[in-house]
Amino acid sequence: PFPPLLSVSPAADPAVISPQDPTLLIGSSLVATCTVSPDFPLKAEDLYWTLNGRRLPAASYAALGPSTLSVALARLNGSRQQSGDNLVCHSRDGGILAGSCLYVGLPPEKPVNITCWSKNMKDLTCKWAPGTEGETFLHTNYTLKYKRRWYGQDNTCQEYHTAGTYSCHIPKDLALFTPYEIWVEASNRLGVAVSDVVMLDILDVVTTDPPSDVHVSRVGDLEDQLSVRWSSPPALKDFLFQAKYQIQYRVEDSSEWKVGGHGRCQGAARGGRGSGCCHLLPLQVVDDVGNQTSCRLAGLRPGTVYFVQVRCNPFSIYGSKKAGIWSDWSNPTAASTPRSERVAGGCDPKGGEQNTTLRRELKQFFGWVKKHAYGCSNLGIKLYDQWRVWLQKSHKTRNQVGKEP
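Quick caveat: nothing in here was measured; it's all calculated off a predicted structure.

Analysis parameters
Starting afresh in each chain, residues are numbered from 1 along the sequence in its written order. Per-residue local features of the predicted model are confined to residues with pLDDT of at least 70, and side-chain atom pairs are confined, for both listing and counting, to 80 or more; whole-chain, interface and lining totals are unaffected and use all residues. Each side-chain value is derived from all of the structure's non-hydrogen atoms; neither hydrogens nor water enter the calculation. Numbering of helices and strands runs from the N terminus; a helix is a DSSP stretch of H or I covering at least four residues, while a strand is a stretch of E covering at least two. Between buried and exposed lies partly exposed: a residue is buried under 20% and exposed over 50% of the maximum accessible area for its type, with that area taken using a 1.4 Å probe on protein chains only. Per-residue and other accessible areas follow the Shrake-Rupley method at a 1.4 Å probe size, with only the shown protein chains counted as cover for residues. Note: two strands are recorded as paired if DSSP finds a minimum of 2 bridges between them. Here pLDDT means the predictor's own confidence in every residue, given as a number from 0 to 100. The contact criterion used is simple: two residues touch if any of their non-hydrogen atoms lie within 4.5 Å. We call a pair of cysteine sulfur atoms a disulfide whenever their separation is within 2.5 Å. Axis definition: a line fitted to C-alpha atoms, limited for helices to the stretch in contact. Angles are taken between N-to-C directions and run from 0 to 180 degrees.

(A) Up close: the overall build of the protein. When helices and strands are counted, the protein shows 3 helices and 27 strands. Looking at the protein as a whole, 41% of its 405 residues qualify as buried. Total accessible area on the protein is roughly 23300 Å²; 50% of this is exposed by carbon and sulfur atoms.

Printed below as a string of structure tokens:
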């Protein structure tokens, strides 16, 4: 990391810095010395110091001999770079005589929050957090180790950073129905820290890709319902697993997915299709064992675009008591509910009359009430009779106009 030294005889170095490449705790102090070789006609007063390219103040220097200059560094901060900070001794003309790296930081903390998952029952991916603080200011190595619980030797994971900075992937050669012990070791120049040991069975941490082929569609003319259908993840066809599903949805003009709720929608039985109805629940949960599932969402707003996502949680048919690992959510799929044909306002007619003429007249009546009456408190047969008189006069006027020559 340093520019070329002064041109000198290969047999002699221009100067020596002591201590060379020290490792220190944050907050430590250091006195370093630069001693020029007798082969060079340089005195202590001909020297100066820099740290990471910045010249250090002369007040921190002290001449310890005719050709030795020291510098005092107090309350050192963490290294700016994990490869160490550059402390350099220069000659008066700026030439570099010697250099040293200062490694200033903290020992590693015990890694925490180890979580693992398997996508094919033969591999395992684990990730962890580097302690409560994390930053040590020193290059810190993390090593994931594992072994069978009751026998076998320690194994070391080789494929790091596969699922983020603090992660490792074990691609094969893992046994089923066998508990594994898994832990992480962190080490740097100032020490070693070992995580707690996590014990797991591969069958308890199986997860899948999100459900595929998610389709959302209207349920005829029902203005408050949508039908959701999806395919189970392909991996479930090869595993001895069942699955349960969750649905979340949001309206188009909202960025917040609705979560929570306590209802359940029943999906398809094994090998077939089925549907349930989830009434006014923000989060729907579907248990299903077939390759195709469906669910009907109810209690939705008419004339509204909804975005829907589905995720899957496989669980072993061997009766694992673990909660299981949810897949990621599927990509959002959108559909809109039909627009309501009812007249807006506070006096919507009750009941579901099917007679088209009556429905049209009721629609006209409540539109007239909205214009000519104040509220619904006086709604009754007398008001309806007044409207019929108004309607007859209106028809008579239109007919007379149509007959004029």
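(B) Broad picture of the pairing of strand β15 (residues 167–170). Of the two faces of β15, the one holding S167 and H169 and the one holding C168 and I170 are both buried throughout. As paired strands, strand β11 (residues 124–129) and β15 are joined by 4 bridges and run antiparallel to one another. From the neighbouring strand, T125 faces β15, where its bridge partner is H169. Looking at chain direction, strand β14 (residues 159–160) and β15 are connected through 2 bridges and run antiparallel. Of the residues in β15, the one forming a bridge with Y160 is C168. Adjacent in sequence and paired antiparallel, β14 and β15 are bridged by 6 residues, among which H161 carries a positive phi angle near 65°.

(C) A look at the confidence of the model for the protein. Mean pLDDT over the protein works out to 78, with 70% of the residues at or above the 70 mark. Here residues 259–284 is modelled with pLDDT under 50, and outside its nearest four sequence neighbours on either side it reaches 77 contacts, counting other chains as well. Note on residues 343–354: pLDDT is under 50 here. Beyond four places in sequence and across chains, it has 10 contacts.

(D) Molecular detail of the sheet that holds β15. Sheet architecture is open: 4 strands sit in the order β10-β11-β15-β14, paired in antiparallel fashion. Two strands in the sheet have a free side with no partner beyond their single neighbour: β10 (112–117) and β14.

(E) Just the state of the cysteines, in detail. Per the counting criterion, the structure on display carries 3 disulfides. Paired by a disulfide, C116 and C126 hold their sulfur atoms 2.1 Å apart. What sets the handedness of the C116 and C126 disulfide is the S-S torsion sign, and at about 110° it is right-handed. Placement of C116 in strand β10 and of C126 in strand β11 is noted, with a sequence separation of 10 residues between them. The disulfide bridge from C157 ends at C168, spanning 1.9 Å between sulfur atoms.

(F) Here's a closer look at the sheet that holds strand β6 (residues 61–65). Read from one edge of the open sheet, 4 strands run β1-β3-β7-β6, paired in antiparallel fashion. For this open sheet the edge positions go to β1 (15–18) and β6, each flanked by a neighbour on one side alone. Strand-to-strand twist of the sheet, defined as the mean angle between neighbouring strand axes without regard to direction, takes the value 25°. Inspection of the sheet shows β6 paired to strand β7 (residues 68–73) by 4 bridges, in the antiparallel sense. Within the sheet, the bridge partner assigned to Y61 lies in β7 and is V71.

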